[in-house]
Amino acid sequence: MAPRVTSELFVAALVRNARAGGGFAYVTRRGNAQAGAIFVAFYAGGGSGYDLYQAAPPALSDEDTGRDTRRFHHARTLSDDAELRAMIDSEARFDPDFWLIEIENWNADAGELLPLVEGD
């Protein structure tokens, strides 16, 4: 099996690809460079909140391909900045080494930027 791409490298590529696709992406919280969990919040615009994606459980990833199996799924929709900040605070108490990337003005499907599990 091929080695897993570090979280830092994955995030750098994600931010670059989002910007290249016309979105505005930035790292809100830096996590562990090697293996920090990654959360991606897409701002829906117009005050409609955020669609939050996080790593899918390993059982949902395709581990037979011999390649990096990092996949994401839609975790929940957050109604506003306050709810996003509350999620950050809650997650930080559980695991302080996570990454949070916020993406605005992304006019395409999240699946065009993130590798999603089937059915997401």
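All values reported here derive from a predicted model rather than from experimental measurement. (Residues numbered from 1 in each chain as written. Predicted model: local features only at pLDDT ≥ 70, side-chain atom pairs only at ≥ 80, totals over all residues. Heavy atoms only, no water.)

### A look at the pairing of strand E2 (residues 38-43)
Among the six residues in E2, five count as buried, and that is most of the element. Of the pairings in the sheet, the one linking E2 to strand E5 (residues 99-104) comprises five bridges and is parallel in character. In the strand pairing of E5, Phe39 is matched with Leu100. As judged from the five bridges shared by E2 and strand E3 (residues 50-55), these two strands associate in the antiparallel manner. Residue Val40 lies in a different strand from E3, and its bridge partner there is Tyr53. Remark: six residues form the turn of the hairpin made by E2 and E3, two consecutive strands paired antiparallel; Gly45 in that turn has positive phi of roughly 85 degrees. (Buried < 20%, exposed > 50% of the residue type's maximum accessible area, 1.4 Å probe, protein only. Helix = DSSP H or I, 4+ residues; strand = E, 2+ residues; numbered from the N terminus. Pairing = 2+ DSSP bridges.)

### Details of the sheet that holds E5
The mixed open sheet is built from five strands, whose spatial order is E1-E5-E2-E3-E4. Because the sheet does not close on itself, it has two edges, and the strands there are strand E1 (24-29) and strand E4 (72-78). Averaged over all pairs of adjacent strands, the angle between their axes in this sheet comes to 25 degrees, without regard to strand direction. With six bridges joining them, E3 and E4 adopt antiparallel strand pairing. Residue pairing in the sheet places Asp51 in a bridge with Thr77 of E4. Taken strand by strand, helix H1 (residues 7-20) contacts E1, E2, E4 and E5, and its axis lies near 5 degrees from that of E5. (Axes fitted to C-alpha atoms, helices over the stretch in contact; angles between N-to-C directions. Contact = heavy atoms within 4.5 Å.)

### Examining the pattern of salt bridges
Going through the model one piece at a time under the given rule, you end up with two salt bridges. Among the salt bridges present, the one from Glu8 reaches Arg30, with a minimum N-O distance of 2.9 Å. With Glu8 in helix H1 and Arg30 in the loop between E1 and E2, this residue pair connects regions lying 22 residues apart in the sequence. On the basis of relative accessibility, which here comes to 36%, the residue Glu8 falls in the partly exposed class. A relative accessible area of 54% means that Arg30 is categorised as exposed. (Salt bridge = Lys/Arg side-chain N within 4 Å of Asp/Glu carboxyl O.)

### Concerning the packing of aromatic side chains
All chains considered together, the criterion is met by five aromatic pairs. With a centroid separation of 5.2 Å and 45 degrees between ring planes, the pair formed by Phe24 and Tyr26 is classed as tilted. Judged by its relative accessible area of 24%, Tyr26 is partly exposed. Here Arg70 stacks its cationic end above the ring of Phe10, 4.8 Å away from the centre of that ring. (Phe/Tyr/Trp six-rings, centres within 6.5 Å; stacked < 30°, edge-to-face > 60°. Lys NZ or Arg CZ within 6 Å of the ring centre and 35° of its normal.)

### Some words on the layout of surface pockets
The space that makes up the largest pocket amounts to roughly 200 Å³. The wall of the largest pocket is formed by 15 residues, among which Gly36, Ala37, Ile38, Ala55 and Ala56 lie closest to the centre. Every element with two or more residues in the lining of the largest pocket is listed here: E2 and E3. Taken together, the residues of the lining of the largest pocket break down into nine nonpolar, four polar and two charged. (1 Å grid on protein atoms, 1.4 Å probe; cavity = no way out; pocket = protein on both sides within 12 Å on 5 of 7 lines; lining within 4 Å. Points joined across faces, edges and corners; volume = space filled by probe spheres on them. Nonpolar A, V, L, I, M, F, W, Y, C, P; charged D, E, K, R; others polar.)

Interpretation note: all reported values are geometric properties and have no functional meaning in isolation.
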